[in-house]
Amino acid sequence: MTVQAPTTSVRKSIVVNAPVGRAFSVFTDGMASWWPPDHHILDAPLAEMVFEPREGGRIYDRGTDGSECQWARVLAYEPPTRLVFSWDINLQWKIETDPERTSEIEIRFVPEDEHRTRVELEHRNLDRHGDGWERMRDAVSSPGGWGQGLECFAAAAAEV
């Protein structure tokens, strides 16, 4: 009998009614326009989300009190077709400071035609979160996880 190892990644995709350049721009520069408002771990009310558009850049939230919560690092930035960033959030939904215990998200933007883009998301290496990592996999793959995020993203990209 073969025992299959549990999957350590989550894959989601969606086709958006936007050309590839606009889809990439809304996903990155316009992240605050589509990211679910209740998906922040900042203590203060959210003032803005900041995406630094370069490899080595940060993704962070800034509170109305000036506090910052950096929850990701940009690992690859290849406009308009590919983006990879870390998921520096632990199983308690707090910031993880050890890069060895973080997962990563890769997003590919594939033109379907001149007006539509297929967005393919892979949240991988979830086992790096340590014992109980399956809870993170189950959370990000749930209807309120990346599925909801991509639906909100598709709506925002179509509006621009």
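Here the structure is a predicted model, which is why all the values come from computation and not from measurement.

Chemist: Summarise the nonpolar core; cite the residues concerned and give the values.
Modeler: Ranked by internal contacts, the top residues of the largest apolar core, which has 38 residues, are Phe-27, Trp-71, Phe-85 and Phe-153. Top element by residues in this core is helix α4 (residues 143-159). It accounts for 6 residues. Residues within four places of Phe-153 in sequence aside, it is in contact with Val-16, Ala-23, Val-26, Phe-27, Trp-34, Phe-109 and Val-119.

Chemist: So what about the side chain of Asp-61? Which residues, and what values?
Modeler: Inspection of the secondary structure puts Asp-61 in strand β3 (residues 58-63). Buried Asp-61, no salt bridge; nearest opposite-charge side chain is Arg-62, N-O distance 9.8 Å. Residues contacting Asp-61, with those up to four places away along its chain left out, are His-40, Leu-42, Leu-46, Glu-48, Met-49, Ser-67, Glu-68, Cys-69 and Trp-71.

Chemist: Before we move on, could you go through the packing of aromatic side chains and cite the residues and values that matter?
Modeler: Applying the stated criterion across every chain, the model contains 14 aromatic pairs. Seen from their ring centres, Phe-27 and Phe-109 are 5.8 Å apart, and the 80° between their planes marks the pair as edge-to-face. Placement of the pair is Phe-27 in helix α1 (residues 20-28) and Phe-109 in strand β6 (residues 103-113), with a sequence separation of 82 residues. Accessibility classification places Phe-27 together with Phe-109 in one group, the buried group. With a centroid separation of 6.5 Å and 90° between ring planes, the pair formed by Trp-87 and Trp-93 is classed as edge-to-face.

Chemist: Could you give an account of the sheet that holds strand β4 (residues 68-78), naming the residues involved and the relevant values?
Modeler: Here 7 strands make up an open sheet; going across it, the order is β1-β7-β6-β5-β4-β3-β2 and the pairing antiparallel. Whereas interior strands pair on both sides, the edge strands pair on one side only; in this sheet they are β1 (10-16) and β2 (46-51). Strand-to-strand, the axes of this sheet are offset by a mean angle of 20°, without reference to chain direction. Judged from the 9 bridges that link them, β6 and strand β7 (residues 116-124) form a sheet pairing that is antiparallel. Across the sheet, residue Asp-113 finds its bridge partner in β7, namely Arg-116.

Scoring rules and cut-offs
- Residues numbered from 1 in each chain as written.
- Predicted model: local features only at pLDDT ≥ 70, side-chain atom pairs only at ≥ 80, totals over all residues.
- Heavy atoms only, no water.
- Core = buried A, V, L, I, M, F, W, Y, C linked by side-chain atoms within 4.5 Å.
- Buried < 20%, exposed > 50% of the residue type's maximum accessible area, 1.4 Å probe, protein only.
- Helix = DSSP H or I, 4+ residues; strand = E, 2+ residues; numbered from the N terminus.
- Contact = heavy atoms within 4.5 Å.
- Lys, Arg positive; Asp, Glu negative; His and termini not counted.
- Salt bridge = Lys/Arg side-chain N within 4 Å of Asp/Glu carboxyl O.
- Phe/Tyr/Trp six-rings, centres within 6.5 Å; stacked < 30°, edge-to-face > 60°.
- Pairing = 2+ DSSP bridges.
- Axes fitted to C-alpha atoms, helices over the stretch in contact; angles between N-to-C directions.

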